[in-house]
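Topology and contacts: notes
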Amino acid sequence: MRRLWGVAVLTAASCSPVATPAPTTPVGAGPEAPVGPDTAGALPPTGYGSLRQDEFSVEIQDVNMHVKITPLAESIIRLAAPDTYHRLQSLVRSRWDEAVAMTDAPAAELFLVSFFSRDPNVSYRPEELRITHRGRSLQPAGIVPLTTGWGRQLLQPQQTQSAIYVFEPPFDYDLPVTIRYGMQESDDWHRVVLPRLEEERVRVESRSGVRATAGSRTP
């Protein structure tokens, strides 16, 4: 299920011997992406991240089914490789209004959730996915299906069904986030993913020469 995304490299050269070097452009960044919802309080600059989606996702194996959960907070996805960032940020923007309408606040916490199986006729139960955060077991305020057939709740071999799970804000992603599905649970967020994000944030600041700045909750 893991994919590698390439990053295009643009190099500009000046032919004038007295020209002042142009400001460094982040590799593969292109135009500045629109700012999406963020709840972590600080936004790294865009275009300097290198993480694959799997590197900031939490995965659960439940018998013959694989569940992957990816937080879509802006402060997190900005640490992804540029093409991954733009793909996830575009997904957030395209579903933002629909997601916010499901909450009691002018914002929302979004998670991309995917169910996958290699076996035929494997059923899944979307409502059984829970997130434990700040000592509370949270259920989604709503679910936005992304793939056709989501409502059938049945997987065929090599098939993935995906949706955005919408939770009430706010989340503090520097605190433990435990994912539970059925009888299985994972605390890999604070054991594995969070240290990786912190390391990448330092690398992003080093590459860009810009420290993270306060973020916005609105897209």
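Each remark here, short or long, concerns the structure printed above.
One structure accompanies this document, and this report is about it. In this text, all values refer to a predicted model and were calculated from it rather than measured experimentally. (Residues numbered from 1 in each chain as written. Predicted model: local features only at pLDDT ≥ 70, side-chain atom pairs only at ≥ 80, totals over all residues. Heavy atoms only, no water.)

1. Observations regarding the overall build of the chain
Put simply, the test is: Helical segments are the DSSP runs of H or I of at least four residues, strand segments are the runs of E of at least two, and each set is numbered from the N terminus. Relative accessible area decides the class of each residue, using a 1.4 Å probe on protein chains only: under 20% of the type maximum gives buried, over 50% gives exposed, and in between gives partly exposed. Note on contacts: a residue pair qualifies if any of its non-hydrogen atoms lie within 4.5 Å across the two residues. For the area figures, the Shrake-Rupley method with a 1.4 Å probe applies, and any residue is considered shielded solely by the protein chains shown.
Of the regular secondary structure elements, the chain holds three helices and 11 strands. Listing every helix and strand of the chain by position from the N terminus yields β-β-α-α-β-β-β-β-β-β-β-β-β-α. Residues classed as buried in the chain amount to 44% of the 219 residues present. In the chain, of all internal contacts separated by at least 6 residues, the share reaching a separation of at least 24 is 76%. On the chain, roughly 11,300 Å² of surface is accessible, and the fraction owed to carbon and sulfur atoms is 52%.

2. What to know about the sheet that holds strand S6 (residues 136-138)
To keep it simple, the criterion reads: Should DSSP find at least two bridges between two strands, the strands are regarded as paired. Angles here are taken between N-to-C directions and fall from 0 to 180 degrees, while the axes themselves are lines fitted to C-alpha atoms, restricted in helices to the stretch in contact.
In space, the four strands of this open sheet follow the order S6-S5-S10-S11, with antiparallel pairing throughout. In this open sheet, the two strands that pair with only one neighbour each are S6 and strand S11 (184-186). Adjacent strand axes in the sheet meet at a mean angle of 25° when their direction is disregarded. Judged from the three bridges that link them, strand S10 (residues 177-181) and S11 form a sheet pairing that is antiparallel. Bridge pairing links Tyr-181 to Gln-184 in S11.

3. Describing the pattern of salt bridges
Threshold: For salt bridges, the criterion is a side-chain nitrogen of Lys or Arg within 4 Å of an Asp or Glu carboxyl oxygen.
Under the defined criterion, the tally for this structure stands at nine salt bridges. For Lys-68, the salt bridge is made with Asp-54, and the minimal N-O distance between the two is 2.7 Å. One end of the pair, Lys-68, is in strand S2 (residues 65-71); the other, Asp-54, is in the segment before strand S1 (58-62), with 14 residues separating them in the sequence. Judged on exposure class, the residue Lys-68 and its partner Asp-54 are both buried. The closest approach of N and O atoms between Glu-74 and Arg-78, which form a salt bridge, is 2.7 Å. Given the relative accessible area of 1%, Glu-74 is considered buried. The buried category is assigned to Arg-78, whose relative accessible area is 6%. When salt bridges with common partners are traced through the structure, they connect Asp-187, Asp-188 and Arg-191 into a single cluster.

4. Digging into the nonpolar core
Note the following rule: Think of a nonpolar core as a cluster: buried Ala, Val, Leu, Ile, Met, Phe, Trp, Tyr and Cys residues, connected wherever their side-chain atoms sit within 4.5 Å.
Formed by 51 residues in total, the largest nonpolar core has its most connected members in Phe-56, Leu-110, Phe-115 and Trp-189. No other element matches helix H2 (residues 82-100), which puts seven residues into this core. The residues touching Phe-56, leaving out its near neighbours within four places in the chain, are Leu-51, Thr-70, Pro-71, Ile-76, Ile-77, Ala-80, Leu-88, Trp-189, Val-193 and Leu-197.

5. Here's the deal with the packing of aromatic side chains
As a reminder of what qualifies: Here the aromatic set is Phe, Tyr and Trp, taking the six-membered ring for Trp, and pairing holds for ring centres within 6.5 Å; pairs whose planes are under 30 degrees apart are stacked, those over 60 apart are edge-to-face, and all others are tilted.
Within this structure, the stated rule accounts for 11 aromatic pairs. Their ring planes at 55° and their centres at 5.8 Å tell us that Phe-115 and Trp-150 sit as a pair that is tilted. Residue Phe-115 is located in strand S3 (residues 109-117), and its partner Trp-150 is located in the loop between strand S7 (142-145) and strand S8 (154-155); the two are separated by 35 residues in the primary sequence. When sorted by exposure, Phe-115 lands in the same class as Trp-150, which is buried. Judged by centre distance (6.1 Å) and plane angle (65°), the rings of Phe-167 and Phe-171 are edge-to-face. Grouping residues by exposure puts Phe-167 and Phe-171 together as buried. Grouped by ring-pair contacts, the aromatic residues Phe-111, Phe-167, Phe-171, Tyr-173 and Trp-189 constitute a single cluster.

6. Notes on the environment of Ala-107
In this structure, Ala-107 sits in the loop between H2 and S3. Note: C-alpha distance between Ala-107 and Phe-167 (60 residues apart in sequence) is 9.4 Å. Those residues within four positions of Ala-107 in sequence are excluded, and the remaining contacts are Trp-96, Val-100 and Pro-169.

7. A look at the pairing of strand S9 (residues 159-167)
For S9, the buried fraction is high: seven of the nine residues fall into the buried class. In terms of strand pairing, S3 meets S9 through nine bridges, oriented antiparallel. When the bridges of S9 are listed, Leu-112 appears paired with Ile-164. Strand direction decides the pairing type here: S7 and S9, joined by four bridges, are antiparallel. Residue pairing across strands places Pro-145 opposite Ala-163, the latter belonging to S9.

No statement about biological role is implied by the geometric values presented.
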